Amino acid sequence: MSKIQTLKVPVKEMPNGDLLSIKIYRITGQTPGPHVHIQSSVHGAEIQGNAVIYQLIDFFQQNDFSGSISFIPNANPWALIQKSGQYTQGRFNPMTGDNWNRNYVDLLGLPNEESGLDLNSFVTKHKDSEESTIVLEYKKALVDSVNHYMELRKTRGLSDNLKLNLILQKLAAPADIVLDLHTGPCATRYLYSSELLAESSKQFKMPFTLIYPNIFSGAMDEASQAPWWRLTSALEEVGKRLPPVFESYTIELGSQERLSLEEAEQDAARILHYLNYKGLAFKSSPTVPSADGLACYLKDYKSYYAPRGGLYQFMVAPGQKFAKNQVLARSLNLDNLERNGKLDDCLFEVTAAEEGIVINHSVSAILSEGSELVEVMENSFAHS
(Lines give C-alpha, C1' and ligand atoms only; values in the text may rest on other atoms or scores of the structure.)
Protein backbone atom coordinates (compact mmCIF):
# COMPACT_ATOMS: atom_id res chain seq x y z
CA MET A 1 0.00 0.00 0.00
CA SER A 2 1.36 3.41 -1.03
CA LYS A 3 2.08 5.85 1.80
CA ILE A 4 0.50 9.28 2.01
CA GLN A 5 2.65 12.32 2.67
CA THR A 6 0.87 15.32 4.20
CA LEU A 7 1.76 18.99 3.88
CA LYS A 8 -0.04 21.97 5.40
CA VAL A 9 0.20 25.42 3.75
CA PRO A 10 -1.19 28.50 5.60
CA VAL A 11 -3.31 30.72 3.35
CA LYS A 12 -5.05 33.20 5.69
CA GLU A 13 -4.53 34.59 9.18
CA MET A 14 -7.77 35.36 11.01
CA PRO A 15 -8.26 38.37 13.34
CA ASN A 16 -7.71 36.22 16.43
CA GLY A 17 -4.41 34.88 15.08
CA ASP A 18 -5.69 31.48 13.95
CA LEU A 19 -4.38 30.28 10.60
CA LEU A 20 -6.50 28.79 7.86
CA SER A 21 -4.46 26.26 5.91
CA ILE A 22 -4.87 24.02 2.92
CA LYS A 23 -3.80 20.41 3.36
CA ILE A 24 -2.01 18.55 0.59
CA TYR A 25 -1.92 14.76 0.42
CA ARG A 26 0.70 13.26 -1.89
CA ILE A 27 0.96 9.67 -3.09
CA THR A 28 3.99 8.50 -5.08
CA GLY A 29 3.86 5.49 -7.36
CA GLN A 30 6.32 2.64 -7.69
CA THR A 31 7.87 3.88 -10.97
CA PRO A 32 8.49 7.32 -12.52
CA GLY A 33 5.64 8.93 -14.44
CA PRO A 34 3.51 12.07 -14.71
CA HIS A 35 2.85 14.29 -11.70
CA VAL A 36 -0.84 15.12 -11.24
CA HIS A 37 -2.33 18.00 -9.23
CA ILE A 38 -5.99 17.53 -8.23
CA GLN A 39 -7.83 20.17 -6.19
CA SER A 40 -11.44 20.71 -5.19
CA SER A 41 -13.74 23.09 -3.31
CA VAL A 42 -12.19 26.36 -4.45
CA HIS A 43 -15.85 27.36 -4.30
CA GLY A 44 -16.84 26.39 -0.78
CA ALA A 45 -20.27 24.92 -1.55
CA GLU A 46 -18.84 22.63 -4.25
CA ILE A 47 -18.08 19.60 -2.12
CA GLN A 48 -18.49 16.55 -4.38
CA GLY A 49 -14.79 16.81 -5.27
CA ASN A 50 -13.98 15.76 -1.70
CA ALA A 51 -15.87 12.50 -2.22
CA VAL A 52 -14.09 11.92 -5.53
CA ILE A 53 -10.68 12.56 -3.97
CA TYR A 54 -11.57 10.08 -1.22
CA GLN A 55 -12.28 7.43 -3.86
CA LEU A 56 -9.10 8.26 -5.79
CA ILE A 57 -6.88 8.08 -2.69
CA ASP A 58 -8.44 4.72 -1.84
CA PHE A 59 -7.66 3.44 -5.34
CA PHE A 60 -4.07 4.69 -5.49
CA GLN A 61 -3.26 3.36 -2.04
CA GLN A 62 -4.22 -0.13 -3.18
CA ASN A 63 -2.89 -0.19 -6.75
CA ASP A 64 0.60 0.14 -8.19
CA PHE A 65 0.99 3.05 -10.58
CA SER A 66 3.58 5.26 -12.26
CA GLY A 67 4.07 8.88 -11.27
CA SER A 68 2.76 10.89 -8.34
CA ILE A 69 -0.39 12.73 -7.34
CA SER A 70 -1.03 15.70 -5.06
CA PHE A 71 -4.57 16.01 -3.71
CA ILE A 72 -6.00 19.20 -2.18
CA PRO A 73 -9.55 18.32 -1.05
CA ASN A 74 -10.39 21.75 0.44
CA ALA A 75 -8.51 24.29 -1.61
CA ASN A 76 -10.32 27.26 -0.02
CA PRO A 77 -11.01 26.72 3.69
CA TRP A 78 -12.42 30.23 4.17
CA ALA A 79 -15.07 29.73 1.48
CA LEU A 80 -16.07 26.40 3.05
CA ILE A 81 -17.18 28.10 6.27
CA GLN A 82 -18.99 31.11 4.76
CA LYS A 83 -22.55 30.27 5.83
CA SER A 84 -25.74 32.28 5.54
CA GLY A 85 -28.29 30.28 7.45
CA GLN A 86 -28.11 26.78 6.01
CA TYR A 87 -26.63 27.96 2.72
CA THR A 88 -22.89 28.01 1.98
CA GLN A 89 -22.03 31.19 0.06
CA GLY A 90 -18.64 29.95 -1.06
CA ARG A 91 -18.51 31.02 -4.74
CA PHE A 92 -17.60 34.66 -4.13
CA ASN A 93 -15.39 36.44 -1.63
CA PRO A 94 -17.92 37.83 0.91
CA MET A 95 -15.88 41.02 1.34
CA THR A 96 -15.19 41.91 -2.32
CA GLY A 97 -17.66 39.90 -4.38
CA ASP A 98 -14.80 38.44 -6.44
CA ASN A 99 -15.24 34.94 -7.83
CA TRP A 100 -12.65 32.66 -6.19
CA ASN A 101 -11.97 31.00 -9.55
CA ARG A 102 -11.34 34.18 -11.55
CA ASN A 103 -8.26 35.72 -9.91
CA TYR A 104 -5.53 33.42 -11.16
CA VAL A 105 -2.73 35.18 -13.01
CA ASP A 106 -1.60 34.75 -16.61
CA LEU A 107 2.05 35.07 -15.63
CA LEU A 108 3.45 34.96 -19.16
CA GLY A 109 0.93 37.57 -20.27
CA LEU A 110 2.60 40.10 -17.94
CA PRO A 111 5.60 42.32 -18.67
CA ASN A 112 8.87 40.51 -17.93
CA GLU A 113 9.61 42.71 -14.93
CA GLU A 114 6.36 41.58 -13.30
CA SER A 115 6.54 37.90 -14.16
CA GLY A 116 10.27 37.59 -13.60
CA LEU A 117 10.35 35.25 -16.60
CA ASP A 118 11.59 36.34 -20.02
CA LEU A 119 10.10 33.75 -22.35
CA ASN A 120 12.23 34.78 -25.33
CA SER A 121 15.41 34.38 -23.30
CA PHE A 122 14.22 30.98 -22.02
CA VAL A 123 13.52 29.81 -25.58
CA THR A 124 16.88 31.06 -26.85
CA LYS A 125 18.66 29.21 -24.04
CA HIS A 126 16.76 25.94 -24.49
CA LYS A 127 15.91 25.74 -28.20
CA ASP A 128 18.46 22.96 -28.62
CA SER A 129 17.77 21.23 -25.30
CA GLU A 130 16.13 17.86 -24.87
CA GLU A 131 12.38 17.85 -24.25
CA SER A 132 12.80 16.53 -20.71
CA THR A 133 15.22 19.34 -19.88
CA ILE A 134 12.90 22.02 -21.29
CA VAL A 135 9.96 20.70 -19.27
CA LEU A 136 11.92 20.44 -16.02
CA GLU A 137 13.50 23.89 -16.32
CA TYR A 138 10.24 25.52 -17.36
CA LYS A 139 8.42 24.13 -14.33
CA LYS A 140 11.13 25.58 -12.09
CA ALA A 141 10.85 28.90 -13.91
CA LEU A 142 7.07 28.97 -13.34
CA VAL A 143 7.52 28.42 -9.58
CA ASP A 144 10.12 31.20 -9.53
CA SER A 145 7.75 33.44 -11.49
CA VAL A 146 4.98 33.07 -8.89
CA ASN A 147 7.49 33.81 -6.10
CA HIS A 148 8.73 36.88 -7.97
CA TYR A 149 5.19 38.17 -8.60
CA MET A 150 4.27 37.75 -4.92
CA GLU A 151 7.48 39.38 -3.72
CA LEU A 152 6.80 42.49 -5.84
CA ARG A 153 3.52 42.95 -3.97
CA LYS A 154 4.84 42.22 -0.51
CA THR A 155 5.07 45.86 0.57
CA ARG A 156 1.39 46.67 -0.05
CA GLY A 157 0.15 43.13 0.57
CA LEU A 158 -1.97 40.68 -1.41
CA SER A 159 -5.74 40.47 -1.46
CA ASP A 160 -7.03 37.18 -0.07
CA ASN A 161 -8.31 36.09 -3.50
CA LEU A 162 -5.01 36.79 -5.20
CA LYS A 163 -2.92 35.22 -2.46
CA LEU A 164 -4.92 31.99 -2.47
CA ASN A 165 -4.91 31.76 -6.25
CA LEU A 166 -1.16 32.35 -6.47
CA ILE A 167 -0.46 29.72 -3.81
CA LEU A 168 -2.53 27.19 -5.76
CA GLN A 169 -0.79 28.16 -9.01
CA LYS A 170 2.58 27.65 -7.37
CA LEU A 171 1.58 24.25 -6.00
CA ALA A 172 0.31 23.21 -9.44
CA ALA A 173 3.32 24.51 -11.40
CA PRO A 174 5.40 21.29 -11.08
CA ALA A 175 2.52 19.17 -12.43
CA ASP A 176 2.07 17.59 -15.84
CA ILE A 177 -1.70 17.40 -15.36
CA VAL A 178 -3.98 19.73 -13.38
CA LEU A 179 -7.58 18.77 -12.59
CA ASP A 180 -9.78 21.35 -10.86
CA LEU A 181 -12.93 19.74 -9.44
CA HIS A 182 -16.07 21.88 -9.25
CA THR A 183 -19.86 21.60 -9.33
CA GLY A 184 -22.57 23.81 -10.77
CA PRO A 185 -25.52 25.37 -8.90
CA CYS A 186 -27.95 22.62 -9.99
CA ALA A 187 -26.15 20.76 -12.73
CA THR A 188 -25.34 17.62 -14.65
CA ARG A 189 -21.76 16.35 -15.02
CA TYR A 190 -19.62 18.04 -17.64
CA LEU A 191 -16.07 19.03 -18.52
CA TYR A 192 -14.35 22.23 -19.61
CA SER A 193 -11.62 21.59 -22.20
CA SER A 194 -9.51 23.97 -24.27
CA GLU A 195 -9.57 23.52 -28.04
CA LEU A 196 -5.98 22.23 -27.93
CA LEU A 197 -7.04 19.38 -25.64
CA ALA A 198 -10.38 18.51 -27.24
CA GLU A 199 -9.20 15.13 -28.52
CA SER A 200 -7.52 14.10 -25.28
CA SER A 201 -10.56 15.22 -23.28
CA LYS A 202 -12.59 12.36 -24.80
CA GLN A 203 -10.72 10.01 -22.46
CA PHE A 204 -12.75 11.29 -19.49
CA LYS A 205 -15.85 9.71 -21.05
CA MET A 206 -17.91 12.62 -19.74
CA PRO A 207 -21.50 12.96 -20.92
CA PHE A 208 -20.97 16.62 -21.85
CA THR A 209 -17.92 18.74 -22.75
CA LEU A 210 -17.66 22.51 -23.23
CA ILE A 211 -14.77 23.39 -25.54
CA TYR A 212 -13.37 26.87 -25.01
CA PRO A 213 -10.91 28.86 -27.18
CA ASN A 214 -7.29 29.14 -26.12
CA ILE A 215 -7.72 32.39 -24.21
CA PHE A 216 -7.29 33.41 -20.60
CA SER A 217 -10.18 34.58 -18.41
CA GLY A 218 -8.82 33.96 -14.92
CA ALA A 219 -9.76 30.33 -14.16
CA MET A 220 -7.37 27.71 -12.77
CA ASP A 221 -7.36 25.45 -15.83
CA GLU A 222 -6.50 28.42 -18.06
CA ALA A 223 -3.84 29.78 -15.68
CA SER A 224 -2.16 26.37 -15.61
CA GLN A 225 -2.39 25.81 -19.37
CA ALA A 226 -1.60 29.30 -20.67
CA PRO A 227 2.17 29.25 -19.90
CA TRP A 228 2.48 26.02 -21.90
CA TRP A 229 0.52 27.44 -24.86
CA ARG A 230 2.90 30.37 -24.88
CA LEU A 231 6.02 28.21 -24.60
CA THR A 232 4.93 25.90 -27.41
CA SER A 233 4.21 28.85 -29.72
CA ALA A 234 7.50 30.56 -28.87
CA LEU A 235 9.48 27.39 -29.54
CA GLU A 236 7.72 26.86 -32.88
CA GLU A 237 8.84 30.33 -33.96
CA VAL A 238 12.47 29.20 -33.68
CA GLY A 239 11.84 25.86 -35.35
CA LYS A 240 11.56 23.74 -32.21
CA ARG A 241 8.51 21.50 -31.84
CA LEU A 242 7.46 20.58 -28.32
CA PRO A 243 4.86 17.80 -28.28
CA PRO A 244 1.93 18.10 -25.83
CA VAL A 245 3.46 17.80 -22.36
CA PHE A 246 0.85 19.44 -20.14
CA GLU A 247 -2.94 19.24 -19.76
CA SER A 248 -5.42 21.02 -17.51
CA TYR A 249 -9.20 20.69 -17.12
CA THR A 250 -12.12 21.84 -15.01
CA ILE A 251 -14.39 18.91 -14.12
CA GLU A 252 -17.97 19.68 -13.04
CA LEU A 253 -19.41 17.02 -10.73
CA GLY A 254 -23.12 17.75 -10.49
CA SER A 255 -24.74 20.14 -8.02
CA GLN A 256 -23.36 22.17 -5.12
CA GLU A 257 -24.21 21.54 -1.45
CA ARG A 258 -24.51 17.84 -2.25
CA LEU A 259 -22.30 14.82 -1.47
CA SER A 260 -22.61 11.27 -2.84
CA LEU A 261 -19.91 8.67 -2.28
CA GLU A 262 -21.77 6.31 -4.61
CA GLU A 263 -21.76 8.80 -7.48
CA ALA A 264 -18.14 9.63 -6.62
CA GLU A 265 -17.18 6.07 -7.54
CA GLN A 266 -18.36 6.77 -11.09
CA ASP A 267 -16.73 10.21 -11.12
CA ALA A 268 -13.43 8.67 -10.01
CA ALA A 269 -13.72 5.92 -12.64
CA ARG A 270 -13.85 8.56 -15.40
CA ILE A 271 -10.80 10.35 -14.00
CA LEU A 272 -8.91 7.06 -13.63
CA HIS A 273 -9.65 6.15 -17.25
CA TYR A 274 -8.11 9.45 -18.34
CA LEU A 275 -5.09 9.15 -16.01
CA ASN A 276 -4.37 5.63 -17.22
CA TYR A 277 -4.42 6.96 -20.79
CA LYS A 278 -1.97 9.70 -19.74
CA GLY A 279 0.62 7.24 -18.45
CA LEU A 280 -0.05 6.54 -14.78
CA ALA A 281 -0.15 2.93 -15.94
CA PHE A 282 -2.12 0.98 -13.39
CA LYS A 283 -3.12 -2.53 -14.39
CA SER A 284 -6.86 -2.23 -13.85
CA SER A 285 -9.39 0.46 -13.05
CA PRO A 286 -13.12 0.61 -12.32
CA THR A 287 -15.61 0.29 -15.15
CA VAL A 288 -16.34 3.65 -16.73
CA PRO A 289 -20.02 4.68 -16.79
CA SER A 290 -21.46 4.69 -20.30
CA ALA A 291 -22.25 8.05 -21.87
CA ASP A 292 -23.14 9.26 -25.35
CA GLY A 293 -20.47 11.95 -25.13
CA LEU A 294 -21.71 15.26 -26.52
CA ALA A 295 -19.85 18.57 -26.79
CA CYS A 296 -20.35 22.14 -27.90
CA TYR A 297 -18.13 25.15 -28.33
CA LEU A 298 -18.25 27.82 -25.64
CA LYS A 299 -19.93 30.26 -28.04
CA ASP A 300 -22.88 27.84 -28.12
CA TYR A 301 -23.17 27.63 -24.33
CA LYS A 302 -26.11 29.94 -23.77
CA SER A 303 -27.80 31.43 -20.73
CA TYR A 304 -31.48 32.23 -20.26
CA TYR A 305 -32.34 35.02 -17.81
CA ALA A 306 -35.55 35.46 -15.85
CA PRO A 307 -37.79 37.76 -17.95
CA ARG A 308 -39.92 38.55 -14.89
CA GLY A 309 -39.56 38.33 -11.17
CA GLY A 310 -41.29 35.40 -9.55
CA LEU A 311 -41.13 31.87 -8.21
CA TYR A 312 -39.80 29.50 -10.86
CA GLN A 313 -40.49 25.85 -11.62
CA PHE A 314 -37.79 24.26 -13.78
CA MET A 315 -39.37 22.01 -16.40
CA VAL A 316 -36.26 20.35 -17.89
CA ALA A 317 -33.73 18.66 -15.62
CA PRO A 318 -29.97 19.09 -16.02
CA GLY A 319 -28.65 16.62 -18.60
CA GLN A 320 -31.97 16.41 -20.48
CA LYS A 321 -32.54 17.46 -24.09
CA PHE A 322 -35.29 19.87 -25.11
CA ALA A 323 -36.89 20.98 -28.37
CA LYS A 324 -37.27 24.44 -29.84
CA ASN A 325 -40.26 26.22 -28.23
CA GLN A 326 -40.39 23.70 -25.38
CA VAL A 327 -41.10 25.20 -21.95
CA LEU A 328 -37.85 25.39 -19.92
CA ALA A 329 -39.31 27.04 -16.83
CA ARG A 330 -42.48 28.70 -15.66
CA SER A 331 -42.92 31.52 -13.21
CA LEU A 332 -45.59 32.07 -10.58
CA ASN A 333 -46.21 35.53 -9.11
CA LEU A 334 -49.52 35.90 -7.27
CA ASP A 335 -48.98 39.62 -6.78
CA ASN A 336 -49.93 39.99 -10.45
CA LEU A 337 -53.57 39.35 -9.43
CA GLU A 338 -53.84 43.04 -8.68
CA ARG A 339 -53.46 43.95 -12.37
CA ASN A 340 -56.87 42.69 -13.52
CA GLY A 341 -57.77 39.96 -11.07
CA LYS A 342 -57.03 37.12 -13.52
CA LEU A 343 -55.04 34.09 -12.39
CA ASP A 344 -53.60 33.74 -15.90
CA ASP A 345 -51.53 36.86 -15.27
CA CYS A 346 -49.80 35.08 -12.40
CA LEU A 347 -48.12 32.48 -14.65
CA PHE A 348 -45.42 33.04 -17.26
CA GLU A 349 -43.54 30.48 -19.35
CA VAL A 350 -39.95 30.64 -20.62
CA THR A 351 -39.62 28.72 -23.89
CA ALA A 352 -36.53 27.53 -25.74
CA ALA A 353 -35.26 29.67 -28.62
CA GLU A 354 -33.48 26.63 -30.10
CA GLU A 355 -33.17 22.93 -29.27
CA GLY A 356 -30.47 21.99 -26.82
CA ILE A 357 -29.49 20.35 -23.53
CA VAL A 358 -29.88 21.81 -20.04
CA ILE A 359 -26.53 21.81 -18.23
CA ASN A 360 -27.26 24.08 -15.24
CA HIS A 361 -30.15 25.88 -13.69
CA SER A 362 -30.45 28.26 -10.74
CA VAL A 363 -30.22 26.63 -7.34
CA SER A 364 -32.94 28.99 -6.13
CA ALA A 365 -36.51 29.12 -7.40
CA ILE A 366 -36.93 32.69 -6.09
CA LEU A 367 -35.63 34.99 -8.82
CA SER A 368 -35.71 38.66 -9.71
CA GLU A 369 -35.98 39.82 -13.29
CA GLY A 370 -32.58 39.44 -14.99
CA SER A 371 -31.33 36.61 -12.75
CA GLU A 372 -29.57 33.76 -14.53
CA LEU A 373 -32.18 31.05 -14.98
CA VAL A 374 -30.88 28.19 -17.13
CA GLU A 375 -27.60 27.41 -18.94
CA VAL A 376 -27.82 25.23 -22.04
CA MET A 377 -25.71 23.61 -24.75
CA GLU A 378 -26.80 24.29 -28.33
CA ASN A 379 -25.36 22.92 -31.59
CA SER A 380 -23.93 19.89 -29.78
CA PHE A 381 -21.98 17.16 -31.57
CA ALA A 382 -20.61 13.70 -30.82
CA HIS A 383 -17.53 13.71 -28.59
CA SER A 384 -16.47 10.21 -27.58
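Residues numbered from 1 in each chain as written. Predicted model: local features only at pLDDT ≥ 70, side-chain atom pairs only at ≥ 80, totals over all residues. Heavy atoms only, no water.

Engineer: Looking at this model, I keep getting lost on the packing of helix H5 (residues 131-152) against helix H6 (residues 160-172). Mind explaining?
Structural biologist: In a pair of packed helices, the angle between the axes and the distance between the axes together describe the arrangement. Between H5 and H6, whose axes approach to 9 Å, the crossing angle comes to 160°. With respect to H6, the element H5 is oriented roughly antiparallel. Seen along the crossing, H5 lies across H6 with a hand that is left-handed. Taking contact as the criterion, the partners of Val143, Val146, Asn147, Tyr149 and Met150 in H5 are, on H6, Leu162, Leu166, Ile167, Gln169 and Lys170. The residue makeup of the contact of H5 with H6, split by class, is 7 nonpolar, 2 polar and 1 charged. (Axes fitted to C-alpha atoms, helices over the stretch in contact; angles between N-to-C directions. Helix = DSSP H or I, 4+ residues; strand = E, 2+ residues; numbered from the N terminus. Parallel < 35°, antiparallel > 145°, perpendicular 65-115°, else oblique. Left-handed = near helix turned anticlockwise from the far one by under 90°. Contact = heavy atoms within 4.5 Å. Nonpolar A, V, L, I, M, F, W, Y, C, P; charged D, E, K, R; others polar.)

Engineer: Is there a simple way to think about a nonpolar patch on the surface in this case?
Structural biologist: A contiguous nonpolar surface patch, about 670 Å² in accessible area, is contributed by Leu311, Leu332, Leu334, Leu337, Leu343, Leu347 and Ile366. The class of Leu343 is exposed, set by a relative accessible area of 59%. (Patch = residues over 30% accessible without salt bridge, like charges linked within 9 Å, V, L, I, M, F, W, Y side chains within 5 Å. Areas by Shrake-Rupley, 256 points an atom, 1.4 Å probe, with all protein chains shown as cover. Salt bridge = Lys/Arg side-chain N within 4 Å of Asp/Glu carboxyl O. Buried < 20%, exposed > 50% of the residue type's maximum accessible area, 1.4 Å probe, protein only.)

Engineer: It is not clear to me how the pattern of salt bridges should be interpreted in this structure. Could you clarify?
Structural biologist: Opposite charge on two side chains makes pairing possible when the charged atoms of those side chains draw close. Tallied over the entire structure, the rule returns 12 salt bridges. Among the ionic pairs, Glu247 bridges to Lys278, the shortest N-O distance being 3.0 Å. A residue pair is termed long-range when its members are at least 10 positions apart, and Glu247 in strand S11 (residues 247-255) and Lys278 in helix H9 (residues 261-280) qualify at 31 residues. For Glu247, a relative accessible area of 4% translates into the label buried. Taken together, the salt bridges that share partners define one network made up of Arg189, Arg258, Glu263 and Asp267.

Engineer: How should I be thinking about the packing of helix H1 (residues 48-62) against H9 in this particular structure?
Structural biologist: Put simply, H1 and H9 touch, their axes get as near as 8 Å, and they point 55° apart. As far as their axial angle goes, H9 and H1 are oblique. Seen from above, H1 lies across H9 with right-handed handedness. Touching Gln48, Ala51, Val52, Tyr54, Gln55, Leu56, Phe59 and Phe60 of H1 are Leu261, Glu263, Ala264, Glu265, Asp267, Ala268, Ile271, Leu272, Leu275 and Leu280, all from H9. Class assignment of the residues belonging to the contact of H1 with H9 gives a composition of 13 nonpolar, 2 polar and 3 charged.

Engineer: When you look at the pairing of strand S20 (residues 372-377) in this model, what are you seeing that I'm missing?
Structural biologist: Looking along a regular strand, one sees side chains alternate from face to face of the sheet. Most of S20 is tucked away, with 5 of its 6 residues classed as buried. Bridge count between strand S13 (residues 301-305) and S20: 5 bridges; the pairing is antiparallel. Paired with Tyr305 across the strands is Glu372, a residue of S20. Across 4 bridges, the pairing between strand S18 (residues 356-361) and S20 is antiparallel. The residue bridging Ile357 from the neighbouring strand is Met377, located in S20. (Pairing = 2+ DSSP bridges.)

Engineer: Would you take a moment to explain helix H8 (residues 220-237) for this structure?
Structural biologist: Each turn of an α-helix holds 3.6 residues, which means side chains three or four residues apart point in the same direction. The end-to-end C-alpha distance of H8 is 27 Å, a good match for the 26 Å that 18 residues give at a rise of 1.5 Å each. By the largest-angle criterion, Ala226 marks the main kink of H8, which is about 30°, and a proline, Pro227, follows within four residues. Where H8 terminates, the next one or two residues include Gly239, which has phi positive at roughly 80°. (Expected span 1.5 Å × (residues − 1). Bend = angle between axes of the 7 residues up to and from the residue.)

Engineer: Sorry if this is basic, but what is going on with unusual backbone geometry here?
Structural biologist: It is generally the case that most residues other than glycine have a negative phi and that most peptide bonds are trans. For Ser41, which is not glycine, the phi torsion reads 60° and is therefore positive. One can find Ser41 in the loop between strand S3 (31-40) and H1. One non-glycine residue, Glu257, lies in positive phi territory at about 55°. Mapped onto the elements of the fold, Glu257 is located in the loop between S11 and H9.

Engineer: Just checking my understanding: could you explain the packing of aromatic side chains for this structure?
Structural biologist: Aromatic rings considered in pairs are described by the distance between their centres and by the relative angle of their planes. Within this structure, the stated rule accounts for 13 aromatic pairs. Judged by centre distance (5.6 Å) and plane angle (10°), the rings of Trp228 and Phe246 are stacked. Of this pair, Trp228 sits in helix H8 while Phe246 sits in the loop between H8 and S11, and the two are 18 residues apart along the sequence. According to the relative accessible area criterion, Phe246 is buried, its value standing at 5%. Taking the centre distance of 5.3 Å and the plane angle of 40° together, the rings of Tyr297 and Phe381 count as tilted. Residue Tyr297 is located in strand S12 (residues 294-297), and its partner Phe381 is located in strand S21 (residues 381-382); the two are separated by 84 residues in the primary sequence. A relative accessible area of 36% means that Tyr297 is categorised as partly exposed. Joined through ring pairs, the aromatic side chains of Phe59, Phe60, Phe65 and Phe282 make up one cluster. When the ring centre of Trp78 is taken as reference, the NZ or CZ atom of Lys12 above it lies at 4.1 Å. Between Arg153 and the ring centre of Tyr149, over which it is positioned, the NZ or CZ distance is 3.7 Å. (Phe/Tyr/Trp six-rings, centres within 6.5 Å; stacked < 30°, edge-to-face > 60°. Lys NZ or Arg CZ within 6 Å of the ring centre and 35° of its normal.)

Engineer: What should I look at first to understand the nonpolar core in this one?
Structural biologist: The nonpolar side chains of a soluble globular protein tend to be buried with one another. In this structure, Tyr138, Leu168, Trp228 and Leu231 are the most contacted members of the largest nonpolar core, which totals 46 residues. Looking at this core, the elements with two or more residues in it are strand S1 (4-13), strand S2 (19-28), helix H2 (77-80), helix H4 (119-126), H5, H6 and H8. Counting residues per element, this core draws most heavily on H5, which supplies 9 residues. Contacts of Leu168, omitting those with residues within four sequence positions, involve Ile22, His37, Gln39, Val42, Ile72, Ala75, Tyr104 and Met220. Of all hydrophobic cores here, the second largest spans 31 residues; its members include Val36, Ile53, Ile251 and Leu253. (Core = buried A, V, L, I, M, F, W, Y, C linked by side-chain atoms within 4.5 Å.)

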